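# Summary of the model geometry
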Amino acid sequence: MTRKIFVPLRAVGLVLLLTLLLAAFSSCGQRTNEDGSLDLLHMDLEKYITLGDYRATAYELQVKKVTEEDVEEALEKFEIGLASYEDYAEAPVSRPTEENDYLQIRYVGRIDGEVVDESPEGSPQYLLLADGNGYYDWFNDALFGVTAGETVVAEGQLSEDENYGEYAGRTITYEITLVAILGHYTFAELTDELVKEKTGHASIEAYREALYTELSDARREEALASVYKDAWEKAQECSTVKKYPKKQMDYYYNAFYGNYAYIAYQNGVSVDAVLAQYGVDEGRLREMAQACCTEDLFYYALVQAEGLVVTDEEYAARVGEIAAGQGASVEELEAEFGKEYIRDSMLYDEAILFVARAANVSYIYVE
């Protein structure tokens with residue numbers, strides 16, 4: 001069963017057609033969903049499946065240790081994120097440049113009079129006048145105290161980096177024109193008070209410790225993601241299906257058959273011809289339906305046994321992200337798929353995460 005909804009909305013036309021095909025095949029009696037499938041979430045599944053010991057699955061996962069450098073880098077990113085920016089677009093300034101100004105420049109670089117580097121015509125070049133901006137210090141130094149329209153000369157030695165080819169290590173002279181001062185960044189000084197205001201942690205040191213924990217957790221989750229699929233499959237394999245609900249089997253059989261029927265309709269040929277082309281017969285269709293049914297039974301039995309839910313708050317927090325990933329609004333997403341289908345997609349992801357986290361996982365930390 002495919003509950004993930006990270007598919008282009010343009011594919012929904014086919015989904016709607018298949019839904020109509022399935023509706024024609026659905027029968028009455030048991031509680032069903034709108035598409036004709038059984039509402040397994042609210043059924044007693046004990047007569048259909050017995051869950052195995054999915055917590056016994058064992059994994060050894062390597063995780064890269066978090067270093068002091070990693071924590072300091074995260075702290076630095078946090079500090080940079082607190083910077084404010086004053087935009088001069090509406091009110092250009094004519095003052096000399098100063099540290100942390102955001103500049104637009106043009107430049108020409110020459111070695112022994114030959115032009116070897118030049119800003120592309122019609123492609124604005126931007127520079128934050130600060131250490132670590134990717135330019136040589138001697139290039140930056142020439143741009144301090146300059147006003148818009150002024151051209152300055154900067155001369156220095158290129159590094160021995162092989163990417164410079166024949167020019168590596170040679171002296172280059174740049175003529176740099178300041179086109180405009182576009183704005184100015186003001187960077188906050190990180191203090192205990194500021195950290196407490198922005199994060200709730202009592203001090204810089206407390207936040208540093210929290211960052212270490214966050215980075216460690218993130219790396220464990222990243223390692224765990226590598227076994228999601230395997231853990232899910234093993235959890236199903238250790239469960240025992242006693243019997244399959246006929247209505248759910250028919251639902252999937254008709255879904256797969258309907259897909260081939262649609263291909264036949266599009267190409268003006270018989271369904272038998274399409275089935276033969278894909279090497280599919282009735283037995284294979286039933287195998288495919290049984291595989292989907294097995295996952296359905298395991299998934300919903302797990303949800304019931306562990307009490308997994310997606311709350312209204314969790315739904316509201318995540319549906320916007322899903323819609324953005326689809327390039328649609330929440331309203332458009334819900335109109336196409338329906339809230340319950342979206343919620344079930346979220347619950348399916350939560351079930352996969354639960355199984356992986358419930359497994360017996362040992363983390364080996366490496367440098």
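Residues numbered from 1 in each chain as written. Predicted model: local features only at pLDDT ≥ 70, side-chain atom pairs only at ≥ 80, totals over all residues. Heavy atoms only, no water.

### Some remarks on the pairing of strand S2 (residues 58-64)
- Where burial is concerned, the two faces of S2 differ: the one with Tyr-59, Leu-61 and Val-63 is buried and the one with Ala-58, Glu-60, Gln-62 and Lys-64 is not.
- The pairing of S2 with strand S10 (residues 360-366) spans seven bridges and is classified as parallel. For Lys-64, the partnering residue across the bridge sits in S10 and is Val-366. (Buried < 20%, exposed > 50% of the residue type's maximum accessible area, 1.4 Å probe, protein only. Helix = DSSP H or I, 4+ residues; strand = E, 2+ residues; numbered from the N terminus. Pairing = 2+ DSSP bridges.)

### Some words on the packing of aromatic side chains
- Applying the stated rule across the entire model yields 19 aromatic pairs.
- Both rings, one in Phe-78 and one in Tyr-207, keep their centres 4.8 Å apart while their planes meet at 55°; by these two values the pair is tilted. Here Phe-78, found in helix H2 (residues 68-81), pairs with Tyr-207, found in helix H5 (residues 204-225); they are 129 residues apart in sequence, far enough to count as distant.
- Ring centres of Tyr-102 and Tyr-185 lie 6.4 Å apart, and the angle between their planes is 80°; this geometry places the pair in the edge-to-face category. Residue Tyr-102 is found in strand S4 (residues 101-111), and its partner Tyr-185 is found in strand S8 (residues 171-186); the two are separated by 83 residues along the sequence.
- Given a relative accessible area of 26%, Tyr-102 falls into the partly exposed group. (Phe/Tyr/Trp six-rings, centres within 6.5 Å; stacked < 30°, edge-to-face > 60°.)

### What to know about the environment of Ile-364
- Mapping Ile-364 onto the fold places it in strand S10.
- The exposure class assigned to Ile-364 is partly exposed, which follows from its relative accessible area of 36%.
- In this structure, the C-alpha to C-alpha distance between Ile-364 and Gln-62, residues 302 residues apart in sequence, is 4.7 Å.
- With near-sequence residues (within four places) excluded, Ile-364 lies in contact with Glu-60, Leu-61, Gln-62 and Val-63. (Contact = heavy atoms within 4.5 Å.)

### Brief notes about the nonpolar core
- With 43 residues, the main nonpolar core has Leu-45, Trp-232 and Tyr-299 as its most contacted residues.
- Elements that contribute at least two residues to this core include exactly S2, H5, helix H6 (228-237), helix H9 (282-306), helix H10 (312-326), helix H11 (330-337) and helix H12 (339-358).
- Ranked by residues supplied to this core, first place goes to H12 with nine residues.
- Listed in part, the 21 residues of the second largest apolar core include Trp-138, Ala-154, Leu-158 and Tyr-167. (Core = buried A, V, L, I, M, F, W, Y, C linked by side-chain atoms within 4.5 Å.)

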